Amino acid sequence: HLAEGAVRRQSPEQREQTLAQMETLLRATGFPYYLVHLEEALELPPSILQPGPERASTSGPARPSYKEAVDSFIQQQRHDRDSGTSLPAHSTQDTPAGPPAPPRLPDAAQTQELLRSFEAAGTATAREELLEMLRTHLIVQTARDRGYAKVMMGESLTRVAIKLLTNLSLGRGAFLAVDTGFTDQRHGDVMVVRPMRDYTAKEIAFYNLFFSVPTVIVPPLFTKRREKLSIHQLVERFLLGLQEEFPSTISTVYRTGEKLSPEPAKASSESQRCLLCLCGLDTEGGEW
């Protein structure tokens, strides 16, 4: 489980409180977790801009299947529960026994440098794209550092439908299969999967309500800011507004996008690859 703390228009006290709530929730799950601040994107190595070498599935010693690994984890949890011990959670820092220490915030200089980067982006749409790119690079790099080969993202059907129309509006129609598909292998050694893409945001919200799943609400990038909306926000408001009157709107967009998503362009060399999103440039149009 990877959780990133993004830079917000919040005071250090508010941000520290949000991070503490998030860490409390992650500790309660019993799974390993890593807290990564968005400021750490400023220190990412240049290798993040190149796909990593794909891992051969046949080389090396045989590893247990995913189902076997899950069963083993569940059995270990039951054993720890019966014996009165619990599985320790992991974060980016080793913490001693006792009450958890308050999360450390990045240096103020790093925060200001990152805020200047966002201010340098001329439009709200560019800032949204920059935030998404930095989050993705941070998550992928954290997975590489910790030895993970797959990353599960929490994008719902609603979010995927919004992403479909947003990509078309931004001229990224050639990358629909990469940005919204179930699997995303553009990073080579780390595969990104989206297992929640068949469930709407309302279904997930009702599940959390009925089963008392604890949640942490983090304000979006442009909360309480008076400026022009980004394309992402315009598409989101448009789809959610239609959804109120026509409940099948989002599912229709999602299903249509599934049929229209083309095969992503393949990059034959690094010069034909975008350095920001790592997708192959759509430069070979053929006869058309």
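Residues numbered from 1 in each chain as written. Predicted model: local features only at pLDDT ≥ 70, side-chain atom pairs only at ≥ 80, totals over all residues. Heavy atoms only, no water.

Student: Lay out the overall build of the protein chain with the relevant residues and their values.
Tutor: Of regular secondary structure, the protein chain possesses 9 helices and 5 strands. Going residue by residue from the N terminus, the α and β elements of the protein chain occur as β-α-β-α-α-α-β-α-α-β-β-α-α-α. Across the protein chain, the fraction of contacts at a sequence separation of at least 24, relative to all contacts at a separation of at least 6, is 74%. Only carbon and sulfur atoms are counted for the fraction: they give 56% of the accessible area of the protein chain, which is about 18500 Å². (Helix = DSSP H or I, 4+ residues; strand = E, 2+ residues; numbered from the N terminus. Contact = heavy atoms within 4.5 Å. Areas by Shrake-Rupley, 256 points an atom, 1.4 Å probe, with all protein chains shown as cover.)

Student: Talk me through unusual backbone geometry; I want residue IDs and the actual numbers.
Tutor: Glycine aside, residues mostly have negative phi angles, and peptide bonds mostly take the trans form. Positioned with a positive phi, Ser212 is a non-glycine residue whose angle comes to about 55°. Relative to the elements of secondary structure, Ser212 occurs in the loop between α7 (201-210) and α8 (231-245). Classification of Ser212 by relative accessible area gives exposed; the value is 61%. (Buried < 20%, exposed > 50% of the residue type's maximum accessible area, 1.4 Å probe, protein only.)

Student: An account of the pattern of salt bridges is requested, with residue identities and associated values reported.
Tutor: What the rule picks out here adds up to 10 salt bridges. Of the charged contacts in the structure, one is a salt bridge between Glu155 and Arg194, with a shortest N-O distance of 2.5 Å. Of this pair, Glu155 sits in the loop between β3 (150-152) and α5 (157-169) while Arg194 sits in the loop between β5 (191-193) and α7, placing them 39 residues apart in sequence. Through salt bridges with shared partners, one network takes in Glu155, Arg172, Asp179, Asp184, Arg186 and Arg194. (Salt bridge = Lys/Arg side-chain N within 4 Å of Asp/Glu carboxyl O.)

Student: Tell me what's going on with a nonpolar patch on the surface, and back it up with residues and numbers.
Tutor: Taken together, the side chains of Phe206, Tyr207, Leu209, Phe210, Phe211 and Val213 define a hydrophobic patch exposed on the protein surface, amounting to about 680 Å² of accessible area. Checked against the element boundaries, Phe211 lands in the loop between α7 and α8. You can call Phe211 exposed: its relative accessible area is 57%. (Patch = residues over 30% accessible without salt bridge, like charges linked within 9 Å, V, L, I, M, F, W, Y side chains within 5 Å.)

Student: Go over the sheet that holds strand β4 (residues 183-184) with me, naming the residues and quoting the values.
Tutor: With mixed pairing, 3 strands are arranged side by side in an open sheet as β3-β5-β4. Each edge of the open sheet carries a strand with a single partner, namely β3 and β4. Pairing of β3 with β5, which is carried by 3 bridges, proceeds in the parallel orientation. Residue pairing in the sheet places Met152 in a bridge with Val193 of β5. (Pairing = 2+ DSSP bridges.)

Student: Describe helix α3 (residues 108-120), listing the residues and the values that go with them.
Tutor: Over its 13 residues, α3 runs 18 Å from end to end, which matches the ideal 18 Å to within 8%, given 1.5 Å per residue. Inspection of α3 places Gln110, Thr111, Leu114, Leu115 and Phe118 among the buried residues, and these make up the whole buried set. Along the axis of α3, the buried residues cluster in a sector spanning 135°; they form a single face. Exposed and oriented more than 90 degrees from the buried face of α3 are Ala109, Arg116 and Ala120. Lining the buried residues of α3 we find α1 (12-29) and α4 (124-146). (Expected span 1.5 Å × (residues − 1). Arc of directions from axis to C-beta.)

Student: So, the packing of α4 against α8: which residues are in play, and what are the values?
Tutor: Where α4 contacts α8, the two axes come as close as 7 Å, and the packing angle between them is 95°. Judged on the interaxial angle alone, α8 and α4 are roughly perpendicular. Where α4 approaches α8, its residues Thr125, Glu128 and Glu129 are matched on the opposing element by Ile231, His232 and Gln233. In terms of residue class, the contact of α4 with α8 is built from 1 nonpolar, 3 polar and 2 charged. (Axes fitted to C-alpha atoms, helices over the stretch in contact; angles between N-to-C directions. Parallel < 35°, antiparallel > 145°, perpendicular 65-115°, else oblique. Nonpolar A, V, L, I, M, F, W, Y, C, P; charged D, E, K, R; others polar.)

Student: Tell me about the environment of His137, residues and numbers included.
Tutor: Among the structural elements, His137 can be located in helix α4. On the basis of relative accessible area, His137 is assigned to the buried category, the value being 6%. Residues contacting His137, with those up to four places away along its chain left out, are Leu44, Ile48, Leu49 and Leu276.

Student: Let's hear about the state of the cysteines: which residues, and what values?
Tutor: All chains considered together, the criterion is met by 0 disulfides. The cysteine Cys274 is free of any disulfide, with Cys277 supplying the nearest cysteine sulfur at 3.7 Å. No disulfide involves Cys279; its sulfur sits 3.8 Å from the nearest other cysteine sulfur, which is in Cys277. Cys279 sits in the buried class, given a relative accessible area of 4%. (Disulfide = S-S within 2.5 Å.)

Student: Quick rundown of α5? Include the residues and the values.
Tutor: Its 13 residues place the ends of α5 19 Å apart at the C-alpha level, agreeing with the 18 Å of an ideal helix rising 1.5 Å per residue. Check the buried side of α5 and you find it contacts α4, α6 (176-180), α7, α8 and α9 (249-260). Note on α5: the residue one or two positions beyond its end, Gly171, has a positive phi of about 80°.

Student: So what's going on with the nonpolar core? Residues and values would help.
Tutor: Soluble globular proteins: nonpolar side chains tend toward being buried together. Residues Leu157, Val160, Ala161, Ile162, Leu164, Leu176, Val235, Leu239, Ile250, Val253 and Tyr254 constitute the largest nonpolar core, which totals 11 residues. Those elements that place two or more of their residues in this core are α5, α8 and α9. The leading source of residues in this core is α5, at 5 residues. Leave out the neighbours within four places in its chain, and Tyr254 touches Leu157, Val160, Ala161, Leu164, Arg197 and Asp198. Grouped together as the second largest cluster of nonpolar side chains are 10 residues, Val36, Leu38, Ala41 and Leu138 included. (Core = buried A, V, L, I, M, F, W, Y, C linked by side-chain atoms within 4.5 Å.)

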